[in-house]
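Chains, contacts and geometry: an overview
Now for the letters of each chain:
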Amino acid sequence: MKCTACQEVDSGGTLGSGLSRRDFMKVCTAAAVYLGLDASFGAQIAEAAAAKRLPVVWISGQECTGCTETLLRATHPTLEHLILDLISLDYHETLLSGAGKQAEEALEAAMKAGGYVMVAEGAFPTKDGGVYCKVGGKPIVDILAEAGKHAAACIAIGSCSSWGGMPSASPNPTEARGAGEVLKMKGVNIPVMNIPGCPPNPYNFLSAVLYFVTFGKLPDLDDKGRPKFAYSRLIHENCERRPHFDAGRFAEKFGDDGHNQGYCLYKLGCKGPETYNNCSTLTFGDVGAGSWPVGMGAPCFGCSEQGVGFTVPLHSPARLVNVTPPAFFSPIDGAKGGGVTAGAAAVAAAVVGAAVGAGLATSKKVGEVEEGKGK
Ligand code: SF4
Ligand code: F3S
């Protein structure tokens, strides 16, 4: 059950997963950069990760397994590198080679040893004593609480585990809740970090794990328990279509000229202006620029934002949170406004964000465009 692959560098300079020492250093340096640390912290992360693999127990509730799937798509590190070199995955219902009694014994042994990080995936139904999701004949809420008692910390991966996500959508027939809320209800007080998203970006999760491995604590969290290194900016701040928003150029319908030319998707229901995440800068799937929902022409539906994703209608206009238009509109040559850099967009947003009542000004601007004045 438990992986016993050697984590030490063998005589050929490779780790248990076959990753070279050099590539291992690259992974750790990339993680340092994602975390907002100086790249020189890469060596410290590598040293900590090589010294001891972090024991991890993975508890799955009401879920589609998409959060585990997203890790399968990560290439730096790959899932096998994560499991064989960086952590000791002691229990995971989807990835275990054993089943039944053997699997339950693995969980019991991990709980006896304690001190692991508990990763919670999926929502946790609380109605009727939690009977709507059981594993091994026990309600998953009880398994979560029991495993939580022996954990050093909990990482709730995905929106379902962070705050209920899709299973908690109205009318929430099973009274599904996030892991942190259920742990509190059960009197289990351990640090909880949320990595929301449907699915979340695997590198946000992996970077947070490496932070814990290195510093023995969770990274700085915001008021919703999310790591600030990943969730402190609105998607709208660094969106490649932002210049079109500022210039008042919107796609009006899917497939119209504006949509084809990469105009802003606000009028199609894009929730980027009220969703905090780093999708636009980190992107997905390691296939290069543009590989994120808005980059491919689909409005952000706020999958990672509690009270937005799975809550408000897909095509209703977003609330404008801290979103302001620039003081003046600069000309944009490219059809997609590709000239803006993430940093430039962030600086522009920060500067104009100080203007009192600027959110109202944005609403006015959008209104003018809707009336045909701003085109
Ligand atoms: Fe990008 Fe959406 Fe903001 Fe438009 S509304 S700039 S598409 S995040
Ligand atoms: Fe989700 Fe919006 Fe990012 S839908 S994946 S938060 S662009």
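Everything numeric here is computed off the predicted structure, so don't read it as measured data. (Residues numbered from 1 in each chain as written. Chains lettered and ligands numbered in written order. Predicted model: local features only at pLDDT ≥ 70, side-chain atom pairs only at ≥ 80, totals over all residues.)

**Observations concerning the site of ligand 1**
Rules: Note on definitions: a residue is near a molecule or strand provided its C-beta atom, placed from the backbone, lies within 6 Å of it. Amino acid classes used here: Ala, Val, Leu, Ile, Met, Phe, Trp, Tyr, Cys and Pro are nonpolar; Asp, Glu, Lys and Arg are charged; the rest, including Gly, are polar.
Neighbouring ligand 1 are 14 residues, the closest being His-236, Cys-239, Cys-264, Cys-270 and Gly-272. Among the residues making up the shell around ligand 1, the classes are represented as ten nonpolar, two polar and two charged.

**A word on the site of ligand 2**
Not every one of the 13 residues close to ligand 2 is listed here, only the nearest: Cys-279, Pro-293, Cys-300, Cys-303 and Ser-304. Tallied by class, residues from the shell around ligand 2 come to eight nonpolar, five polar and no charged.

**Observations regarding the sheet that holds strand 2 (residues 87-92)**
Filter applied, for reference: Any two strands with at least two DSSP-identified bridges between them are counted as paired. Put simply, DSSP marks the helices as runs of H or I at least four residues long and the strands as runs of E at least two long, and each gets a number from the N terminus on. Helix axes are fitted to C-alpha atoms over the stretch in contact, other axes to C-alpha atoms as well, and angles between N-to-C directions run from 0 to 180 degrees. Two residues form a contact once the distance between their C-beta atoms, set from the backbone, is within 7 Å.
Taken in spatial order, the five strands line up as 2-1-3-7-9 in an open sheet, and their pairing is parallel. Here the strands that pair on one side only, and so sit at the sheet edges, are strand 2 and strand 9 (192-195). Here the average twist between neighbouring strands, direction ignored, is 25 degrees. Relative to strand 3 (residues 116-121), strand 1 (residues 54-60) runs parallel, the two being bridged by five bridges. Following the sheet pairing, Ile-59 is matched in strand 3 by Ala-120. The strands that helix 5 (residues 100-113) touches are strand 1, strand 2 and strand 3; relative to strand 2, the one it contacts most, it runs at about 130 degrees. Contacts from helix 6 (residues 140-149) reach strand 1, strand 3 and strand 7 (151-157), with the element oriented near 165 degrees to strand 1.

**A short note on unusual backbone geometry**
Condition: Using C-beta atoms placed from the backbone, we call a residue buried if 20 or more other C-beta atoms fall within 10 Å of its own, exposed if 12 or fewer do, and partly exposed for counts in between.
With an omega of 10 degrees, the peptide bond running from Ser-170 to Pro-171 counts as cis. For the bond from Cys-198 to Pro-199, the omega torsion is 0 degrees, close enough to zero to count as cis. Along the chain, Pro-199 turns up in the loop between strand 9 and helix 9 (202-215). Located in the positive-phi region is Thr-65, a residue other than glycine, with phi close to 70 degrees. Checked against the element boundaries, Thr-65 lands in the loop between strand 1 and helix 3 (66-72). Thr-65 sits in the partly exposed class, given 15 other C-beta atoms within 10 Å. Look at Asp-128: it is not a glycine, yet its phi comes out positive at around 55 degrees. Among the secondary structure elements, Asp-128 is positioned in the loop between strand 4 (124-125) and strand 5 (134-135).

**Concerning helix 5**
Using the following cut-off: What a helix should span is 1.5 Å times the count of its residues minus one. Here the arc refers to the set of directions running from the helix axis out to each C-beta atom.
Its 14 residues give helix 5 an end-to-end C-alpha distance of 21 Å, which sits within 8% of 20 Å, the value for a rise of 1.5 Å per residue. Buried residues of helix 5: Ala-106, Leu-107, Ala-110 and Met-111, and no others. The buried residues of helix 5 occupy an angular sector of 130 degrees when the element is viewed end-on, so they sit on one face. Helix 5 presents Lys-101, Gln-102, Glu-108, Lys-112 and Ala-113 as exposed residues on the side facing more than 90 degrees away from its buried surface. Buried residues along helix 5 sit in contact with strand 1, strand 2, strand 3 and helix 6. A positive backbone phi angle near 65 degrees is found at Gly-114, which sits one or two residues after helix 5.

**Thoughts on the confidence of the model for the chain**
Cut-off, in case you're wondering: pLDDT expresses, on a scale from 0 to 100, how confident the predictor is about each individual residue.
The predicted model of the chain averages 81 in pLDDT, with 78% of residues at 70 or higher. Every residue in residues 1-12 scores below 50 in pLDDT, and together they form 23 contacts with partners more than four places removed in sequence or on other chains. Here residues 337-375 scores under 50 on pLDDT; set against residues more than four positions off or in separate chains, the count is 53 contacts.

**Structural notes on the packing of helix 1 (residues 21-34) against helix 9**
Test applied: Roughly parallel covers angles under 35 degrees, roughly antiparallel covers those over 145, roughly perpendicular covers 65 to 115, and oblique covers all other angles.
Packing of helix 1 against helix 9 leaves a shortest axis separation of 9 Å and a crossing angle of 100 degrees. Considered as vectors, helix 1 and helix 9 are oriented roughly perpendicular to each other. On helix 9, the residues that touch Cys-28, Ala-31 and Tyr-34 of helix 1 are Tyr-203, Leu-206, Ser-207 and Leu-210. Considering only residue class, the contact of helix 1 with helix 9 consists of six nonpolar, one polar and no charged.

**A closer look at the environment of Gly-187**
Mapped onto the elements of the fold, Gly-187 is located in the loop between helix 8 (179-185) and strand 9. Between the C-alpha atom of Gly-187 and that of Gly-148, which follows or precedes it by 39 residues, the distance is 10.0 Å.

**Observations concerning the packing of helix 1 against helix 2 (residues 41-51)**
What counts, and what does not: Each crossing gets its handedness from the near helix: less than a right angle anticlockwise from the far helix is left-handed, clockwise is right-handed.
Where helix 1 contacts helix 2, the axes come no closer than 8 Å and their chain directions differ by 120 degrees. It follows from the interaxial angle that helix 1 and helix 2 lie oblique. Seen along the crossing, helix 1 lies across helix 2 with a hand that is right-handed. Counting all contacts with helix 1, which are made through Phe-24, Met-25, Cys-28, Thr-29, Ala-31 and Ala-32, the residues of helix 2 involved are Phe-41, Gly-42, Ile-45, Ala-46 and Ala-49. The residue inventory of the contact of helix 1 with helix 2, partitioned by class, reads nine nonpolar, two polar and no charged.

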